[in-house]
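Remarks on the overall topology
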Amino acid sequence: MAAELHPCSGKLIGLSNSNRTAQRNQPVQEFNHGLVLSREQLKDRDVFTVRIDKKVNSWSGSIEIGVTSLDPAGLDFPSSATGLKGGSWIVSGCSVLRDGRSVLEEYGRDLDQLSEGDRVGIQRSTHGELHLWVNGQDCGAAASGLPTGLWAVVDLYGKCTQVTVVSCEPPSLAERDTERETVEEREQEDEDEEEEVVVCGVREGEFGGLTSAVNLAAATNGTLEEVPELPPTHNRPDKFPNNLEPETGKKIKTSTPISVAPLTKCKSPSFSPSPIVLTEHQLFDVLNNAIVSLYRSEDNVGGDLGGGGIGRDSGTGSRGDRGSSSGGGSVNGNSSDSGGGTGYTGSVNSPAGGGGARLGAVTGGMLTNDALLFHEKCGTLIKLSNNNKTAERRRPLDEFNNGVVMTNRPLRHNEMFEIRIDKLVDKWSGSIEIGVTTHNPNNLDYPATMTNLRSGTIMMSGCGILTNGKGTRREYCEFSLDELQEGDHIGLMHKASGALHFYINGIDQGVAAAQTPAIVYAVVDLYGMAVKVTIVHNHNHSDRLRRNNAIMRALSPDVGRPRPARSLTPDPDTPDRLLFHSNCGQKAAIISEGRTALRPHATDDFNHGVVLSGRPLHSNEVFQVRIDKMVDKWAGSIEIGVTTHNPAYLQLPSTMTNLRSGNTNQSGTWMMTGNGVMHNGTTILDEYGHNLDRLKAGDTVGVVRKEDGSLHFFVNGVAQGPAAWNVPPSVYAVVDLYGQAAQATIMDDVADLPTLPEDSSDGPTVMSPSSPCSVAGGNSANDLRFHQLHGTNAVITNGGRTALRQNCRSEFNDAIVISNRCLRDGELFEIVIQKMVDRWSGSIEAGKIMAGVTAIRPEELEFPNTMTDIDYDTWMLSGTAIMQDGNTMRNNYGCDLDTLTTGSRIGMMRSATGDLHYYINGVDQGVACTGLPPEVYAVIDLYGQCVQVSITSSSGPQDNSLCTSNITESSFPIHSPVAGVAHRLHSKHGKNVVLLGEGCQAVRVGGYAHGIVFSAKELKTDELFEVKIDEVDDQWSGSLHMGLTTLAPPELPSCPMSGLSPSLTQLRSKVTWLLAGSEVRRNGLLQRQNYGASLDRLTVGNRVGVKRCSDDTMHVLIDGEDMGPAATAVAKNVYAVLDLYGRVTAVSIVSSSVLEDAGSVKAPSLSSDSCSEGEEDRTPVEGGEPALVPNTVMAFLENHGKNIQLSHENLTAARVSSYNQGLLVTAQPLPRQQLFQFQIDRLNASWTSSLSLGVIGHSPDRLNFPSTACCLKRSVWLLQRDSVFHNSLKICENYGPNLDTCPEGTVLGLLVDGNSCLHLYVNGMDQGVAAQDIPTPCYPLIDLYGQCEQVTIVTNNVATVGGESVKARFQGDMEKADMVDGIKESVCWMPHPEVNPNKTCEYQALCSRFKDLLTLPDGYFNEDAKYNLCYCESCHKLRGDESYHKRGEPPRDYALPFGWCRFALRIKPHCDVSNSFKQWHIAYHGTSVGALRRTLDHAQLLSGTSSIFSVSPVKTEGPNGYSEPEENSSNSLPDRDREVPRVQLSPTMRYSGLEMFAPKVQFRDPRSHCCHQAQVGFQVCVRPGSYKVGPQTLGAIEPLDPRFSNTEIEWITKDQGGTLLYGLLIRVE
């Protein structure tokens, strides 16, 4: 036939060279659609051969070749050859597929490994067999039973982009002659007449599978044996043909005992080879494939050497069933008589009494390559692919179950079923489950999860075993399936003994079930996080070779034997060198005699580059490598460390940080990655040393384990300090060529190695921190550590300073840790909570942590599940309960451990008198219990949500007593803590107080009460107001009270004799938070007990201060020590208040006011034309600290998303295409206390959603930006819509306005305050704390996503947050600010006329369309649309509206109508707005739609309107009537019996907007055609004195509005001229 290609081909194929050359177009963009066929049908024995001309490295996979019975002239070409059906056989990689399904897993050469210039051909033999030819070599029969009339198929797939047909003819005679000559030469090399038995076409050295094992056994036993000779076309050593044809099988007799004889070409029925001794390498070659085939078998040898043979089960993977029988032996435990043996069905029995080994002639389906695949019947959400080797759960973010898959056939004995996790999602808890079941998948009604089956099922879930849905083993192994990562392997094996074993990453986890049924199917449940898995056949080449080498090293004692180490002081007699081990990662290679490791294809793959040292490191031996090559394509770089795992037996993971074996501090893997340190995949040090990701080619990294067990790392020869302690001695060095790192070489020159760090380096190196220390043995306070003995799930790291609970999402207890020695009297043991999980919230295990002490020595303690299970000598705090020996002895202790969060500190101390004290964030919570024995150990129970804690530096001896002898004037020098003007006391105070020293000192001159004094001005955020006690009078009891109040002293009456309560605890006219003794009160009501040191114990010289922090908490300081948060939700505008009560008679101020600077995070306040008393301008004192921090000019970094274009000196950024890839960061880090602002310049309504912003905690110089900000998962805090995210996990909802609704012109800002809290600013308004613990440095991050296309950095006012240079908006509309109950009030002369900032508010547009449907005349409404305000959540947050305001004379509160939309009404000209109207109050009136027109016609609320709410006739004697006419009422009548109509109003729409008063109506939106419900009402101005305040008339019990009492929420008026309509309110649902 002609050696040409058919003109019909795949859609990307171009033909040339007379249709002999085929090229795939767009080879870099497309990897398939490259199918070509031969022009004519193949003739028998013709080899259709093509040459690979070109390849690219962009893809995986390569050329595929085969035959098909489909005529190319009428063929609809699929995308790849594996898609051909209707009689097609394709060789892909090293697999053979028929009509797209695998029929042979391991065959011939791997086509993916061929290079340019290699030739590959396909042939149909005269017997109907398919043969593959590679570079002129026949690979043997790939399939049989092929029909005639076939076309050759070539698929230019993946890397292969061009081929040329070179021939189409039978193999030449020269090739066959060459083969014959080669064989004869080999025969001549043998001194004796040795014979080679050709088994499946394998020559000397090519022994495979059981055949070689059988022949070797025969030779070793020296017995007569008949072995069938298989056809020479089968040259795969570990495969068998599908049948044994009688005409091709020959029997060859062997005799003459030998030790080991090579099997040679058969020339005669018998031969007598001489015994020879093979070298180690020859032995390796002989046994290589035999060991791989047999290494998992438990029953290899049957009988003894005198008459036994080797038995083998059905094989593994898809090898098919095999058997052998022997006299006196058994196969897989099958019984046999001494005189003979039987194999599987069809085996040929050996003569009675004749030992030896025989290959059974197995028939039927027993030899078919039925590979383990997933059954086509599976869970409802499962999608199968990759020839049923891959299973994937659909809709993984919407559904978490219905993902059960089973194997297509039962498991054979000792057959490994192994899968690889390909994909996980972070949304769900729980993960993959695997096991076996007796249920046939054809007959099974698949459950949602496999654990729902109540019969015939054994599953591994988490780290436990469930049988028929019930837990039978809670802790089966140290691994938890819930914590496995992508790339990890899970396997199981059904042993011949009936035992079930599970394997994690190739490591046998032991017996999971001792007895299982004989016939079981493997089952996988893709549950929760698990989305996609693929079956991994354990006979792939790389895995087989790795296991081969491991087994050979185990068999040969001289191979891999550790040699003496070469340390810094080498012994000249042992010049052994550190080299890399030959067992390395899949994508790694070892060159230069083991000194250099590299990733040859570093631009194609970023992982699988793990290499280990060839022997363990010795103490003080430095292992150092130099980075030779790097690539810029990836993120991340080299990682280095040590591991206890022997590389000879380790199945290397994709990255070394994925290796999580070892459940204690004494085993596993320690790696330095980036600038952190990880132990068994868990971070133990976040900020350790130099960042390895920033290294360049030529830099060096090293690691050493010192004699004391401490681990140190080096970067360019510089010691980075101790990274871990108690590292065991026999550890191997590990290098992970990850990401950018492509090649590294071991530096073994002593001159190049760094010197060891001295013992005086940071961290303990002499004493093992986990070893117990006696009380007398440790003199320093920092010798407190966690003991090396601990609970099962606990892990001690960081030199005994850190404790964590492993498997934190599957285990909630068994994590008790205890101090390494008993506590001394007065010694504080304090820990900080570093990590928590929300896994156990809302469940019975929802506790967080328990802390206490025990008199039981750690060596004598049998660690229970929880510490409260111990019934002797133990005192614990759990939640608010004090427990002794497991029984509650006291409830409602002063603190609640279940309310603590990450960053909280917990301490415990035994006093000299035997009292137990707890400390929360450094504050003594008082005596918890008494009578403790002298020697107690501190105990921490990492229970429930608490995962990781560390001992703080505050641990050690403490002296917290407050006695006169300890406090002197010199101990607490009086000085201003910050530069500024000294604080003053306000001139209005209690009647028994006299102010001295220009308001700096207060003295109570009579009695024991009426001693309240205020600060002269409002306190700023974090501003400390502090006084010193000057005099005390011991004839009185009680002491000083101190706190914060929203009561403004300027509003008090001028006469000091009235208006103030006798004591601060009785001050309730405004919200007041105070500390009295050790009790925290709010408006006199007890909020908290045992807050801190009692104020009653203070005496002369003690100092006490108060401040309001940026997180809206009140803190009290005693002698400069912060007692922690005393109250939360404290208002912003507050005054300091003191009560010179009882013993304390005189105090003086020792603090100063805070200067106005950029450090203040107070939002711009709304001021009036005239300042009230005490509001004078503040001026800095000369010589004080500078008022403003230096401004850092911010600009965008050149490294950004690919769709970003920068301009205007990198101040403006625009997204030029698509809707994503718009990430931006600033080139400069954001300084503390500096506001970074930018303006939204352009929006595109074609997209949905909009920008997000936040900060990133690491340098963005080399950051590889993803498509959106939500894909960043390392040290990122992101504000998106109205939520806050940390590392892509939502941590806060309903924060600030919805950023998706911000219009063009909106100015957004970010600020990190002095407490490392992140604030969002919208148009200059602080939205409060968004996140805490922001690292330094941090960089502002913006994602121009969706609608937002352009932003510009605002360069002015960068340091004026809270400063006077910021102009307050709406200055003319506000008079002053007040705070009541944490909500800002503004006394307005008029309702806000501000423009609605959200120009694109859809809610306002919907309300406007409803107003248009009412057909109300336009003349009733204000022509200026700027007075129309939307009070939806987004709009009022964008404006920064406060919930409540004041209005009128005298001022009265009213609430803004949140949730409503206001349309301003036209005010009649005769109304005197400037003089009288501004003095009226604001109220609301709910009405019906039918009453709107009549009300608007009369321009006021009238009697007789149809509103069910507005008017109701009542008798004057009614409960809310008037006993006599008001003087200013125009409707006053002398007749008391006449019914007087009344109009009901309310200061809040939460009452007036109830459906009873404002009935709902349904309408259809003319734009969206959706149905909605709407309500209407009025915003009205009410003349003071024309109404009466009364209780609500609905019978409601719960408060309708938190600001207004139900007894004062309804206003009633009968004065028709007393109301004025100001706005129409509409609410749409």
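None of the values given here were measured: they were computed from a predicted structure.

Applying the stated criterion across every chain yields a total of 23 aromatic pairs. Ring centres 5.8 Å apart and planes at 90° place the aromatic pair F31 and Y157 in the edge-to-face group. Of this pair, F31 sits in the loop between β2 (21-24) and β3 (35-41) while Y157 is found in the loop between β12 (151-155) and β13 (160-169), placing the two residues 126 residues apart along the sequence. Both rings, one in Y1444 and one in F1604, keep their centres 6.0 Å apart while their planes meet at 70°; by these two values the pair is edge-to-face. Of the two residues, Y1444 sits in strand β89 (residues 1444-1447) while F1604 sits in the loop between β97 (1587-1590) and β98 (1610-1613), which places them 160 residues apart along the sequence. For the pair shown, Y1444 and F1604 are each scored as buried. Taken together, the aromatic side chains of F31, W59 and Y157 make up a single cluster linked through ring pairs.

As a further point, take the sheet that holds strand β34 (residues 596-598). Across the sheet, which stays open at both edges, the 7 strands sit in the order β33-β34-β45-β36-β41-β42-β43 with antiparallel pairing between neighbours. The sheet is open, and its two edges are formed by β33 (589-591) and β43 (718-724), each paired on a single side. On average, each strand axis in the sheet is inclined to that of its neighbour by 25°, with strand direction left out of account. Strand direction decides the pairing type here: strand β42 (residues 711-715) and β43, joined by 4 bridges, are antiparallel. Within the sheet, the bridge partner assigned to V715 lies in β43 and is V718.

Following the criterion strictly, the structure yields 34 salt bridges and no others. In this structure, E827 and R824 form a salt bridge, with 3.4 Å as the shortest nitrogen-oxygen distance. Measuring nitrogen to oxygen at the nearest pair gives 2.5 Å for the salt bridge that ties D825 to R910. Linking D825 in the loop between β48 (816-818) and β49 (827-836) with R910 in strand β54 (residues 905-910), this pair joins segments that are 85 residues apart in sequence. By relative accessible area, which is 45% here, D825 ends up partly exposed. Each of R821, R824 and E827 takes part in one network of salt bridges that share partners.

In this structure, P1337 follows T1336 across a cis peptide bond, with omega equal to 0°. Take P1337: it is sitting in the loop between β83 (1325-1331) and β84 (1339-1343). Phi at N388 is positive, roughly 65°, even though this residue is not glycine. Along the chain, N388 turns up in the loop between β20 (382-385) and β21 (390-393). Overall, N388 belongs to the buried group, its relative accessible area being 12%. Even without being glycine, N1287 reaches a positive phi, approximately 55°. Relative to the helices and strands, N1287 is located in the loop between β79 (1283-1286) and β80 (1289-1292). N1287 sits in the partly exposed class, given a relative accessible area of 22%.

Relative to the helices and strands, L1413 resides in helix α5 (residues 1402-1413). Separated by 152 residues in the primary sequence, L1413 and D1565 place their C-alpha atoms 9.2 Å from one another. With near-sequence residues (within four places) excluded, L1413 lies in contact with F1563, R1564 and P1566.

This next bit is on the side chain of H1481. Checked against the element boundaries, H1481 lands in strand β92 (residues 1481-1487). A polar side-chain atom of H1481 sits 2.8 Å from the main-chain carbonyl oxygen of P1450. For H1481, the side chain forms a polar contact with the side chain of Y1587, separated by 2.6 Å. Apart from the residues within four sequence positions on either side, H1481 is in contact with R1447, G1448, E1449, P1450, R1452, V1580, C1581, V1582, P1584, Y1587 and W1611.

Taken together, the side chains of R694, K696, R1262 and R1274 define a basic patch exposed on the protein surface. Structurally, R1274 can be placed in the loop between β77 (1252-1256) and β78 (1276-1280). Note on R1274: relative accessible area 43%, which makes it partly exposed.

Our focus in this paragraph is α5. Between its terminal C-alpha atoms α5 stretches 17 Å, which fits the 16 Å expected from 12 residues at 1.5 Å a residue. Every buried residue belonging to α5 is among Y1403, Q1404, L1406, C1407, R1409, F1410 and K1411, and all of these are buried. Residues of α5 that are buried make contact with β88 (1429-1430), β91 (1461-1464), β95 (1561-1564), β96 (1571-1582) and β99 (1619-1628).

Turning our eyes to something else, we now look at the sheet that holds strand β60 (residues 993-996). The strands making up a sheet associate through backbone hydrogen bonding, with each pair oriented either parallel or antiparallel. Taking strand neighbours across the sheet as the criterion, the 7 strands line up as β60-β61-β72-β63-β68-β69-β70 in an open arrangement whose pairing is antiparallel. The sheet is open, and its two borders are formed by β60 and β70 (1121-1127), each paired with just one other strand. The sheet shows a mean angle of 25° between the axes of neighbouring strands, taken without regard to direction. In this sheet, strand β72 (residues 1144-1149) lies alongside strand β61 (residues 1001-1004) in antiparallel orientation, the contact comprising 3 bridges. Bridge pairing links Q1001 to S1148 in β72.

L1224, L1279 and L1308 are the most contacted members of the largest nonpolar core, which totals 38 residues. Secondary-structure elements contributing two or more residues to this core are β73 (1204-1207), β76 (1236-1243), β77, β78, β81 (1307-1312), β82 (1318-1322), β83 and β85 (1348-1354). With 4 residues, β76 is the single largest residue contributor to this core. Not counting residues within four places of it along the chain, the set of residues in contact with L1308 comprises F1236, Q1237, F1238, I1240, L1251, L1253, L1299, C1302, Y1321 and V1322.

A surface patch of nonpolar side chains, about 240 Å² in accessible area, is lined by V994, L996 and V1005. Residue position: V994 is located in strand β60. Classification of V994 as partly exposed rests on a relative accessible area of 36%.

Per the counting criterion, the structure on display carries 0 disulfides. No disulfide involves C1348; its sulfur sits 9.1 Å from the nearest other cysteine sulfur, which is in C1302. Looking at C1570, it has no disulfide partner, and the nearest cysteine sulfur is the one in C1571, 7.6 Å off. Classification of C1570 as partly exposed rests on a relative accessible area of 39%.

This part covers the pairing of strand β29 (residues 500-504). Every regular strand shows the same layout, with side chains that alternate between the two sheet faces. Most of β29 sits inside the fold, with 5 of its 5 residues counted as buried. Going residue by residue along β29, you find L500, F502 and I504 tucked away on one face and H501 and Y503 tucked away on the opposite face as well. Where strand β28 (residues 489-494) folds back on β29, the antiparallel hairpin that results is connected by 5 residues, among which G498 adopts a positive phi of roughly 95°. With 4 bridges connecting them, β29 and strand β30 (residues 507-513) associate as antiparallel partners. In the sheet register, Y503 faces β30, and the bridge partner there is D508. From the end of β29 to the start of β30, which pair antiparallel, there are 2 residues, and N505 there has a positive phi angle of about 50°.

So, about the side chain of N1220. Considering the arrangement of structural elements, one finds N1220 in the loop between β74 (1212-1215) and β75 (1223-1225). In contact with N1220, other than residues within four places in its own chain, are N1203, R1215, S1267, T1268 and Y1345.

Let's shift gears to the confidence of the model for the protein chain. Summing up the model confidence of the protein chain, the mean pLDDT is 75 and the portion of residues at 70 or higher is 72%. pLDDT under 50 marks residues 189-276. Its contacts with residues more than four places away, or in other chains, come to 178 contacts. The model gives residues 295-368 a pLDDT under 50, and that stretch makes 179 contacts with residues more than four places away or in other chains.

Our next topic: the environment of L15. On the secondary structure map, L15 appears in strand β1 (residues 13-16). Given a relative accessible area of 27%, L15 falls into the partly exposed group. For L15 and L5, which are 10 residues apart along the polypeptide, the C-alpha to C-alpha distance reads 8.2 Å. Discounting residues that sit within four places of it in the chain, L15 has contacts with L5, H6, P7, T21, A22 and V36.

Calculation criteria
- Residues numbered from 1 in each chain as written.
- Predicted model: local features only at pLDDT ≥ 70, side-chain atom pairs only at ≥ 80, totals over all residues.
- Heavy atoms only, no water.
- Phe/Tyr/Trp six-rings, centres within 6.5 Å; stacked < 30°, edge-to-face > 60°.
- Helix = DSSP H or I, 4+ residues; strand = E, 2+ residues; numbered from the N terminus.
- Buried < 20%, exposed > 50% of the residue type's maximum accessible area, 1.4 Å probe, protein only.
- Pairing = 2+ DSSP bridges.
- Axes fitted to C-alpha atoms, helices over the stretch in contact; angles between N-to-C directions.
- Salt bridge = Lys/Arg side-chain N within 4 Å of Asp/Glu carboxyl O.
- Contact = heavy atoms within 4.5 Å.
- Polar contact = N/O pair within 3.5 Å; in protein donor to acceptor, adjacent residues only side chain to side chain.
- Patch = residues over 30% accessible without salt bridge, like charges linked within 9 Å, V, L, I, M, F, W, Y side chains within 5 Å.
- Areas by Shrake-Rupley, 256 points an atom, 1.4 Å probe, with all protein chains shown as cover.
- Lys, Arg positive; Asp, Glu negative; His and termini not counted.
- Charge placed at Lys NZ, Arg CZ, Asp CG, Glu CD.
- Expected span 1.5 Å × (residues − 1).
- Core = buried A, V, L, I, M, F, W, Y, C linked by side-chain atoms within 4.5 Å.
- Disulfide = S-S within 2.5 Å.
- pLDDT = per-residue confidence, 0-100.

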